[in-house]
Amino acid sequence: MKLEHRTELYRRLAAINPNPRSELQYSSDFELLVAVVLSAQATDVGVNKATAKLWPVANTPAAILALGEAKLRDYIKTIGLYRTKAKNVIKLCEQLLSLHGGVVPNDRKALEALPGVGSKTASVVLNVAFGVPTIAVDTHIFRVANRTGLAPEKTADKVAAKLGKATPKEYLLNAHHWLILHGRHLCKARTPECWRCSITEFCAYKAKTPAAGVAVTQALKGKPVASKQAAVKKVATRKSAAR
Ligand code: SF4
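Bear in mind the structure is a predicted one, so any value in this text is a computation, not a measurement.

1. Points about the overall build of the chain
Thinking step 1. The helix and strand inventory of the chain stands at 13 helices and zero strands.
Thinking step 2. Mapped from its N terminus to its C terminus, the chain presents α and β elements in the order α-α-α-α-α-α-α-α-α-α-α-α-α.
Thinking step 3. Counting all 243 residues of the chain, 33% fall into the buried class.
Thinking step 4. Of the contacts formed within the chain by residues at least 6 apart in sequence, a portion of 54% connects residues at least 24 apart.

2. Comments concerning the site of the ligand
Thinking step 1. Inspection of the region around the ligand gives 13 residues, with Cys-187, Pro-192, Cys-194, Cys-197 and Cys-203 positioned closest.
Thinking step 2. Within the shell around the ligand, the residues separate by chemical class into eight nonpolar, two polar and three charged.

3. Regarding the confidence of the model for the chain
Thinking step 1. Residue-level pLDDT values for the chain average 90, and 87% of them are 70 or greater.
Thinking step 2. Taken as a whole, residues 224-229 scores under 50 in pLDDT and shows 14 contacts with residues more than four places along the chain or in a different chain.

4. A short note on the packing of helix α5 (residues 69-76) against helix α6 (residues 82-100)
Thinking step 1. It is at 9 Å that the axes of α5 and α6 come closest, and there the two elements cross at 130 degrees. By the angle class used here, α5 and α6 are oblique. Along this stretch, α5 crosses α6, giving a crossing that reads as right-handed. Judged by residue contacts, Glu-69, Leu-72, Arg-73 and Ile-76 of α5 engage Tyr-82, Arg-83, Lys-85, Ala-86, Lys-87, Val-89 and Ile-90 from α6.
Thinking step 2. Residues belonging to the contact of α5 with α6 are distributed by class as follows: six nonpolar, no polar and five charged.

5. Considerations on the environment of Asp-157
Thinking step 1. By the secondary structure assignment, Asp-157 is in helix α10 (residues 156-166).
Thinking step 2. According to the C-beta neighbour criterion, Asp-157 is exposed, with 12 such atoms within 10 Å.
Thinking step 3. Taking the C-alpha atoms as reference points, Asp-157 and Asp-138, separated by 19 residues in sequence, lie 9.9 Å from one another.

6. A short note on helix α9 (residues 139-148)
Thinking step 1. Along α9, the positions that sit buried rather than exposed are Ile-141, Phe-142, Arg-143, Val-144, Ala-145 and Thr-148.
Thinking step 2. Each element contacted by the buried residues of α9 is listed here: α10 and α11 (172-185).
Thinking step 3. One or two residues past the end of α9 sits Gly-149, with phi positive at roughly 90 degrees.

7. A short note on the environment of Glu-4
Thinking step 1. In this fold, Glu-4 is placed in helix α1 (residues 3-16).
Thinking step 2. Spatially, the C-alpha atoms of Glu-4 and Phe-202 are 10.0 Å apart, while their sequence positions differ by 198 residues.

8. Here's the deal with helix α8 (residues 119-130)
Thinking step 1. Its twelve residues place the ends of α8 15 Å apart at the C-alpha level, agreeing with the 16 Å of an ideal helix rising 1.5 Å per residue.
Thinking step 2. Here α8 has its buried residues at Ala-122, Ser-123, Val-124, Val-125, Asn-127 and Val-128.
Thinking step 3. On its buried face, α8 sits against α2 (29-38), α7 (108-112) and α11.
Thinking step 4. Remark: Gly-131 follows α8 within two positions and exhibits a positive phi of approximately 65 degrees.

9. Description of unusual backbone geometry
Thinking step 1. For Gln-41, which is not glycine, the phi dihedral falls at a positive 55 degrees.
Thinking step 2. Considering the arrangement of structural elements, one finds Gln-41 in the loop between α2 and α3 (44-54).
Thinking step 3. Overall, Gln-41 belongs to the exposed group, with 11 C-beta atoms counted inside 10 Å.
Thinking step 4. At Leu-81, a position not held by glycine, the phi torsion is positive, near 60 degrees.

10. Re the environment of Ile-135
Thinking step 1. Residue placement: Ile-135 occurs in the loop between α8 and α9.
Thinking step 2. Among the residues examined, Ile-135 registers 26 C-beta atoms within 10 Å and is labelled buried.
Thinking step 3. In this structure, the C-alpha to C-alpha distance between Ile-135 and Ala-160, residues 25 residues apart in sequence, is 6.3 Å.
Thinking step 4. Ignoring any residue separated from it by four or fewer positions in sequence, one finds Ile-135 in contact with Ile-141, Ala-160, Leu-163, Gly-164, Ala-175 and His-176.

Definitions and limits used
Residues numbered from 1 in each chain as written. Predicted model: local features only at pLDDT ≥ 70, side-chain atom pairs only at ≥ 80, totals over all residues. Helix = DSSP H or I, 4+ residues; strand = E, 2+ residues; numbered from the N terminus. Buried ≥ 20, exposed ≤ 12 C-beta atoms within 10 Å, placed from the backbone. Contact = placed C-beta atoms within 7 Å. Near = placed C-beta within 6 Å. Nonpolar A, V, L, I, M, F, W, Y, C, P; charged D, E, K, R; others polar. pLDDT = per-residue confidence, 0-100. Axes fitted to C-alpha atoms, helices over the stretch in contact; angles between N-to-C directions. Parallel < 35°, antiparallel > 145°, perpendicular 65-115°, else oblique. Left-handed = near helix turned anticlockwise from the far one by under 90°. Expected span 1.5 Å × (residues − 1).

Structure follows, in C-alpha coordinates:
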(Lines give C-alpha, C1' and ligand atoms only; values in the text may rest on other atoms or scores of the structure.)
Protein backbone atom coordinates (compact mmCIF):
# COMPACT_ATOMS: atom_id res chain seq x y z
CA MET A 1 0.00 0.00 0.00
CA LYS A 2 1.32 3.43 -0.94
CA LEU A 3 2.47 5.73 1.84
CA GLU A 4 -0.20 8.32 1.03
CA HIS A 5 -2.91 5.65 1.32
CA ARG A 6 -1.49 4.31 4.59
CA THR A 7 -1.39 7.82 5.97
CA GLU A 8 -4.96 8.55 4.91
CA LEU A 9 -6.14 5.22 6.30
CA TYR A 10 -4.77 6.06 9.75
CA ARG A 11 -5.93 9.67 9.50
CA ARG A 12 -9.49 8.44 9.04
CA LEU A 13 -9.28 5.94 11.90
CA ALA A 14 -7.85 8.69 14.07
CA ALA A 15 -10.59 11.13 13.06
CA ILE A 16 -13.25 8.65 14.20
CA ASN A 17 -11.55 7.98 17.53
CA PRO A 18 -8.88 10.58 18.36
CA ASN A 19 -8.08 9.12 21.81
CA PRO A 20 -8.48 5.38 21.55
CA ARG A 21 -8.41 3.44 24.80
CA SER A 22 -8.12 -0.21 25.77
CA GLU A 23 -11.49 -1.81 26.42
CA LEU A 24 -10.06 -3.56 29.48
CA GLN A 25 -11.08 -1.96 32.78
CA TYR A 26 -8.11 -0.96 34.93
CA SER A 27 -7.01 1.92 37.11
CA SER A 28 -3.31 1.16 37.70
CA ASP A 29 -0.38 -0.34 35.82
CA PHE A 30 -0.70 -3.46 37.96
CA GLU A 31 -4.40 -3.90 37.17
CA LEU A 32 -3.60 -3.39 33.48
CA LEU A 33 -0.83 -6.00 33.56
CA VAL A 34 -3.02 -8.62 35.26
CA ALA A 35 -6.00 -7.84 33.00
CA VAL A 36 -3.84 -8.30 29.89
CA VAL A 37 -2.46 -11.59 31.25
CA LEU A 38 -6.05 -12.76 31.89
CA SER A 39 -7.19 -11.66 28.42
CA ALA A 40 -5.07 -14.19 26.52
CA GLN A 41 -7.52 -16.29 24.50
CA ALA A 42 -10.42 -14.56 26.26
CA THR A 43 -12.58 -11.53 25.52
CA ASP A 44 -12.12 -8.15 27.18
CA VAL A 45 -15.79 -8.26 28.18
CA GLY A 46 -15.25 -11.57 30.00
CA VAL A 47 -12.11 -10.28 31.74
CA ASN A 48 -13.88 -7.07 32.78
CA LYS A 49 -16.72 -9.05 34.34
CA ALA A 50 -14.26 -11.01 36.48
CA THR A 51 -12.01 -8.09 37.43
CA ALA A 52 -15.02 -5.92 38.36
CA LYS A 53 -15.36 -8.25 41.36
CA LEU A 54 -11.66 -8.91 41.89
CA TRP A 55 -10.27 -5.34 41.93
CA PRO A 56 -12.33 -4.11 44.91
CA VAL A 57 -11.00 -7.07 46.92
CA ALA A 58 -7.41 -7.28 45.66
CA ASN A 59 -5.69 -4.95 43.19
CA THR A 60 -2.07 -4.96 44.33
CA PRO A 61 0.56 -7.75 44.28
CA ALA A 62 0.45 -8.03 48.09
CA ALA A 63 -3.35 -8.15 48.20
CA ILE A 64 -3.50 -10.85 45.51
CA LEU A 65 -0.91 -12.92 47.40
CA ALA A 66 -2.93 -12.49 50.59
CA LEU A 67 -6.03 -13.64 48.71
CA GLY A 68 -4.24 -16.83 47.66
CA GLU A 69 -4.42 -18.96 44.53
CA ALA A 70 -7.63 -20.85 45.39
CA LYS A 71 -9.67 -17.68 46.00
CA LEU A 72 -8.13 -15.97 42.98
CA ARG A 73 -9.23 -18.96 40.89
CA ASP A 74 -12.80 -18.44 42.11
CA TYR A 75 -12.80 -14.82 40.94
CA ILE A 76 -11.48 -15.65 37.48
CA LYS A 77 -13.08 -19.07 36.87
CA THR A 78 -15.29 -17.70 34.07
CA ILE A 79 -12.17 -16.91 32.02
CA GLY A 80 -10.58 -19.55 29.78
CA LEU A 81 -7.42 -21.25 31.11
CA TYR A 82 -8.17 -19.79 34.55
CA ARG A 83 -6.23 -22.43 36.49
CA THR A 84 -2.98 -21.71 34.64
CA LYS A 85 -3.66 -17.99 34.72
CA ALA A 86 -4.25 -18.04 38.50
CA LYS A 87 -0.94 -19.83 39.01
CA ASN A 88 0.86 -17.34 36.77
CA VAL A 89 -0.69 -14.29 38.43
CA ILE A 90 0.38 -15.52 41.86
CA LYS A 91 3.97 -16.11 40.65
CA LEU A 92 3.89 -12.78 38.82
CA CYS A 93 2.91 -11.01 42.05
CA GLU A 94 5.72 -12.75 43.94
CA GLN A 95 8.26 -11.64 41.33
CA LEU A 96 6.94 -8.09 41.19
CA LEU A 97 7.43 -7.82 44.94
CA SER A 98 10.79 -9.58 45.16
CA LEU A 99 12.41 -8.05 42.06
CA HIS A 100 10.62 -4.77 41.34
CA GLY A 101 9.34 -3.46 44.67
CA GLY A 102 5.77 -4.26 43.63
CA VAL A 103 5.99 -1.90 40.65
CA VAL A 104 5.32 -2.92 37.03
CA PRO A 105 8.64 -2.53 35.18
CA ASN A 106 8.90 -0.21 32.19
CA ASP A 107 11.18 -2.58 30.36
CA ARG A 108 10.44 -5.31 27.81
CA LYS A 109 13.03 -7.78 29.09
CA ALA A 110 11.84 -7.47 32.70
CA LEU A 111 8.18 -7.73 31.66
CA GLU A 112 8.75 -10.82 29.52
CA ALA A 113 10.58 -12.48 32.43
CA LEU A 114 7.35 -12.36 34.48
CA PRO A 115 5.25 -15.56 34.56
CA GLY A 116 2.43 -15.51 32.00
CA VAL A 117 3.83 -12.48 30.20
CA GLY A 118 4.82 -13.04 26.57
CA SER A 119 5.95 -10.52 23.98
CA LYS A 120 2.37 -9.59 23.07
CA THR A 121 1.37 -8.85 26.68
CA ALA A 122 4.61 -6.91 27.19
CA SER A 123 3.90 -4.85 24.06
CA VAL A 124 0.38 -3.98 25.23
CA VAL A 125 1.62 -2.93 28.70
CA LEU A 126 4.50 -0.91 27.26
CA ASN A 127 2.14 0.81 24.85
CA VAL A 128 -0.80 1.48 27.16
CA ALA A 129 0.96 2.10 30.48
CA PHE A 130 4.20 3.67 29.30
CA GLY A 131 3.40 5.23 25.93
CA VAL A 132 5.90 3.13 23.98
CA PRO A 133 4.92 3.00 20.29
CA THR A 134 4.57 -0.78 19.93
CA ILE A 135 1.96 -2.80 18.05
CA ALA A 136 0.92 -6.10 19.62
CA VAL A 137 -0.72 -8.23 16.95
CA ASP A 138 -3.78 -10.15 18.10
CA THR A 139 -6.35 -11.95 15.97
CA HIS A 140 -8.17 -8.69 15.09
CA ILE A 141 -5.07 -6.79 14.04
CA PHE A 142 -3.80 -9.82 12.12
CA ARG A 143 -7.06 -9.91 10.13
CA VAL A 144 -7.22 -6.17 9.44
CA ALA A 145 -3.55 -6.00 8.44
CA ASN A 146 -4.01 -8.86 5.98
CA ARG A 147 -7.39 -7.86 4.55
CA THR A 148 -6.51 -4.24 3.98
CA GLY A 149 -3.07 -5.00 2.59
CA LEU A 150 -1.48 -2.80 5.24
CA ALA A 151 0.84 -5.60 6.37
CA PRO A 152 -0.02 -8.89 4.68
CA GLU A 153 1.92 -11.71 6.32
CA LYS A 154 1.37 -15.28 7.50
CA THR A 155 2.41 -15.00 11.14
CA ALA A 156 1.62 -12.50 13.91
CA ASP A 157 5.32 -11.71 14.42
CA LYS A 158 5.80 -10.91 10.74
CA VAL A 159 2.65 -8.78 10.68
CA ALA A 160 3.93 -6.90 13.74
CA ALA A 161 7.29 -6.25 12.08
CA LYS A 162 5.66 -5.14 8.85
CA LEU A 163 3.10 -2.94 10.61
CA GLY A 164 5.91 -1.24 12.51
CA LYS A 165 7.41 -0.18 9.18
CA ALA A 166 4.13 0.46 7.34
CA THR A 167 2.64 2.73 10.00
CA PRO A 168 3.57 6.41 9.65
CA LYS A 169 5.47 7.55 12.75
CA GLU A 170 2.81 10.00 13.91
CA TYR A 171 0.26 7.17 14.15
CA LEU A 172 2.48 4.50 15.69
CA LEU A 173 1.53 5.12 19.33
CA ASN A 174 -2.20 4.57 18.83
CA ALA A 175 -2.10 2.21 15.82
CA HIS A 176 -2.57 -0.80 18.11
CA HIS A 177 -5.88 0.50 19.44
CA TRP A 178 -7.21 1.83 16.16
CA LEU A 179 -6.59 -1.45 14.37
CA ILE A 180 -7.87 -3.65 17.18
CA LEU A 181 -11.08 -1.61 17.59
CA HIS A 182 -11.59 -1.54 13.82
CA GLY A 183 -11.24 -5.32 13.67
CA ARG A 184 -13.37 -5.98 16.72
CA HIS A 185 -16.31 -3.72 15.87
CA LEU A 186 -16.31 -3.32 12.09
CA CYS A 187 -13.90 -5.50 10.14
CA LYS A 188 -15.35 -8.57 11.85
CA ALA A 189 -14.10 -12.07 11.15
CA ARG A 190 -17.25 -13.55 9.61
CA THR A 191 -18.86 -10.54 8.01
CA PRO A 192 -16.83 -7.36 7.75
CA GLU A 193 -19.15 -4.36 7.62
CA CYS A 194 -17.52 -2.89 4.53
CA TRP A 195 -20.62 -0.89 3.56
CA ARG A 196 -20.02 1.44 6.49
CA CYS A 197 -16.23 1.26 6.60
CA SER A 198 -14.37 4.57 6.43
CA ILE A 199 -11.25 3.07 4.86
CA THR A 200 -12.91 0.95 2.20
CA GLU A 201 -11.25 2.63 -0.77
CA PHE A 202 -7.78 1.82 0.56
CA CYS A 203 -8.65 -1.76 1.47
CA ALA A 204 -7.42 -4.59 -0.75
CA TYR A 205 -10.01 -7.12 0.48
CA LYS A 206 -11.81 -8.33 -2.65
CA ALA A 207 -14.96 -9.89 -1.16
CA LYS A 208 -16.15 -6.64 0.40
CA THR A 209 -19.56 -6.92 2.04
CA PRO A 210 -22.00 -4.67 0.21
CA ALA A 211 -24.85 -2.78 1.85
CA ALA A 212 -27.84 -5.01 2.54
CA GLY A 213 -29.97 -3.68 -0.34
CA VAL A 214 -27.15 -4.11 -2.84
CA ALA A 215 -26.42 -7.61 -1.58
CA VAL A 216 -30.06 -8.63 -2.03
CA THR A 217 -30.11 -7.21 -5.58
CA GLN A 218 -26.92 -9.09 -6.39
CA ALA A 219 -28.30 -12.24 -4.85
CA LEU A 220 -31.52 -11.94 -6.86
CA LYS A 221 -29.45 -11.60 -10.01
CA GLY A 222 -27.66 -14.77 -9.02
CA LYS A 223 -24.41 -12.97 -8.34
CA PRO A 224 -22.27 -14.21 -5.46
CA VAL A 225 -22.33 -11.92 -2.44
CA ALA A 226 -20.30 -12.02 0.71
CA SER A 227 -23.21 -12.31 3.09
CA LYS A 228 -26.44 -12.95 1.29
CA GLN A 229 -28.18 -14.38 4.32
CA ALA A 230 -27.10 -11.50 6.52
CA ALA A 231 -28.22 -9.03 3.88
CA VAL A 232 -31.64 -10.62 3.46
CA LYS A 233 -32.09 -10.76 7.22
CA LYS A 234 -31.09 -7.11 7.55
CA VAL A 235 -33.53 -5.97 4.87
CA ALA A 236 -36.35 -7.98 6.52
CA THR A 237 -35.49 -6.43 9.89
CA ARG A 238 -35.47 -2.92 8.43
CA LYS A 239 -38.82 -3.50 6.71
CA SER A 240 -40.46 -4.77 9.88
CA ALA A 241 -38.98 -1.88 11.87
CA ALA A 242 -40.41 0.58 9.35
CA ARG A 243 -43.90 -0.89 9.66
S1 SF4 B 1 -13.50 -2.48 3.64
FE2 SF4 B 1 -14.26 -4.29 4.70
S3 SF4 B 1 -12.56 -5.72 4.72
FE4 SF4 B 1 -11.74 -3.68 4.29
S5 SF4 B 1 -11.15 -2.82 6.29
FE6 SF4 B 1 -13.20 -2.13 5.85
S7 SF4 B 1 -14.53 -3.65 6.84
FE8 SF4 B 1 -12.49 -4.57 6.65
